[in-house]
Amino acid sequence: FNLSLILLRLGQYEEGWREYEWRLRKPDWYKGYPWRYRKPRWQGENFNGKTLLIHCEQGYGDSLQFVRYLPLVKSRGGIVIFEAPLPLLEVFKSVPGVDQFRCLTPGSPPEVNFDLYAPLLSLPGIFNTVFESIPCKVPYLYAEPGKVTLWENQTTPQNRCIGIVWTGSKVHVNDKHRSCPVDLFKPLTCIPGLQLYSLQTELTDDELVSSGLSGRVIHWGDRLKDFSDTAAAIANLDLLITVDTAIAHLAGAMGKPVWLLLPFVADWRWSIKCDDSAWYPSMRLFRQRAPGDWPGVFQEVENALHHLASNHHRALGGD
């Protein structure tokens, strides 16, 4: 399994996907998805006249990244059922190629009849994905128009609207490395022509005050109940600046500009050294040059934002 992560990081996908199947044989396999089935595994063959269950696995970001394969799945057969966690179901309704959605309930397996099944993250291997054939047409996820309108009235159109996120799930095994100190965003609030919006959930007013961002950043995170709310908020932004967490995948899947802040040792899907993503054409990567060097990352971000703000000022008729 560890070998698969190295191969995938290096872009050696053909062998990497093959070794990645070892995740299903690890002692803690149930953490990725809690159920095992005796039905046949789908291997990519035509399944006309049959029902195929595709189930999510691992984190929200993984599901958001790999639902792009579901239209390809549908093109090979009959009925496609997709099982996903409740917070994702509403935003996934815009994904083509799914006949029925099921909510993942950890307490019991899905009560649905199917002939074949496949884990979501096995699809790249099933479709023989190599670096050059990644399905990267975006957007493949869309915000609900009614919700988009609700957030539109809460932006400042005279400024660039920039969303920020500085931490992911605290239960993630690598969260201490991928999350960054919130106070590093403070200098960005001083750049003219920009308005920052916090999409950080589970943030209290006291934490906002102690970070030094109170009065400088408009906090939206406490009103985001699921990913469909978050998608609508993102639709009203010009740019999202975030650490490596699920919201980066959501914005990338929507085709929104994303600046992704990465630790020195980044996840396999962000490859190595490059500053763009083969998975999300609208994404720009900002990497630590040394372990723990978040200040260096934010200096690069600040320089890039000054350039962005300057261009926007001129576009609006400024000197």
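Parameters at a glance
Residues numbered from 1 in each chain as written. Predicted model: local features only at pLDDT ≥ 70, side-chain atom pairs only at ≥ 80, totals over all residues. Heavy atoms only, no water. Helix = DSSP H or I, 4+ residues; strand = E, 2+ residues; numbered from the N terminus. Rg over C-alpha atoms; globule rule 2.2 N^0.38 Å. Buried < 20%, exposed > 50% of the residue type's maximum accessible area, 1.4 Å probe, protein only. Contact = heavy atoms within 4.5 Å. Areas by Shrake-Rupley, 256 points an atom, 1.4 Å probe, with all protein chains shown as cover. Lys, Arg positive; Asp, Glu negative; His and termini not counted. Charge placed at Lys NZ, Arg CZ, Asp CG, Glu CD. Arc of directions from axis to C-beta. Pairing = 2+ DSSP bridges. Axes fitted to C-alpha atoms, helices over the stretch in contact; angles between N-to-C directions. Core = buried A, V, L, I, M, F, W, Y, C linked by side-chain atoms within 4.5 Å. Salt bridge = Lys/Arg side-chain N within 4 Å of Asp/Glu carboxyl O.

Notes on the overall build of the protein chain
Each helix and strand counted, the protein chain has 12 helices and 10 strands in total. For the protein chain, whose C-alpha radius of gyration is 20 Å, the value lies close to the compact-globule estimate of 20 Å for 319 residues. If you line up the protein chain on its principal axes, its C-alpha atoms span 65 × 45 × 35 Å. Expressed as a percentage of its 319 residues, the buried residues of the protein chain come to 50%. Of all intrachain contacts in the protein chain linking residues separated by at least 6 positions in sequence, the fraction that spans at least 24 positions is 68%. Total accessible area on the protein chain stands at roughly 15300 Å², and carbon and sulfur atoms take up 52% of it. In the protein chain, 33 positive and 34 negative side-chain charges are present, and the distance between their average locations comes to 4 Å.

Some remarks on helix H1 (residues 2-9)
Taken together, the buried positions of H1 are occupied by Ser4, Leu7 and Leu8. Seen end-on, H1 carries its buried residues on one side only, within an arc spanning 95 degrees. Next to the buried residues of H1 lie helix H2 (13-20). Two residues or fewer past H1, Gly11 is found with a positive phi of approximately 80 degrees.

As for the environment of Leu203
Examined against the element boundaries, Leu203 turns out to sit in the loop between strand S6 (194-198) and helix H9 (205-210). You can call Leu203 buried: its relative accessible area is 13%. A sequence separation of 36 residues divides Leu203 from Leu239, and the C-alpha atoms of the two residues are 21 Å apart. Once residues within four sequence positions are removed from consideration, Leu203 is found in contact with Trp166, Ser198, Leu208 and His219.

Observations concerning the sheet that holds strand S7 (residues 217-219)
In spatial order, the strands read S7-S6-S5-S8-S9-S10; together these six strands make up an open sheet with parallel pairing. The open sheet is flanked by S7 and strand S10 (283-287), the only strands paired with a single partner. Pairs of neighbouring strands in the sheet enclose a mean axial angle of 25 degrees, with direction left out of account. Where strand S8 (residues 239-243) meets strand S9 (residues 258-262), four bridges bridge the pair, whose relative direction is parallel. Looking across to S9, one finds that Ile241 is bridged to Trp259. Strands in contact with helix H11 (residues 246-253) are strand S5 (160-165), S8, S9 and S10; relative to S8, the strand with the most contacts, it is inclined by about 150 degrees.

Description of the nonpolar core
In this structure, Trp42, Ile54, Phe82, Phe92, Leu123, Leu141 and Leu199 are the most contacted members of the largest nonpolar core, which totals 75 residues. No other element matches the six residues that H11 contributes to this core. Of all hydrophobic cores here, the second largest spans 29 residues; its members include Leu213, Val217, Val297 and Ala304.

Concerning the pairing of S6
Most of S6 sits out of view: five of its five residues are buried. Of the two faces of S6, both are covered, the one formed by Leu194, Leu196 and Ser198 as well as the one formed by Gln195 and Tyr197. Here S5 pairs with S6 via five bridges, running parallel. In the strand pairing of S6, Arg160 is matched with Leu194.

Comments concerning the sheet that holds strand S2 (residues 77-84)
Sheet architecture is open: four strands sit in the order S3-S2-S1-S4, paired in parallel fashion. Edge strands, defined here as strands with exactly one partner in the open sheet, are strand S3 (100-103) and strand S4 (116-119). Neighbour-to-neighbour, the strand axes of this sheet turn through a mean angle of 25 degrees, independent of strand direction. The pairing of S2 with S3 spans four bridges and is parallel. The partner of Ala84 across the bridge, within S3, is Cys103.

Description of the pattern of salt bridges
Taken as a whole and judged by the stated rule, the model has 10 salt bridges. When the shortest N-O distance is used, the salt bridge between Glu57 and Arg23 registers 2.8 Å. You can see Glu57 sitting in the loop between strand S1 (47-55) and helix H3 (60-66) and its partner Arg23 sitting in the loop between H2 and S1, a full 34 residues away along the chain. Look at Glu57 and you get buried, because its relative accessible area is 4%. On the accessibility criterion, Arg23 (7% relative accessible area) is buried.

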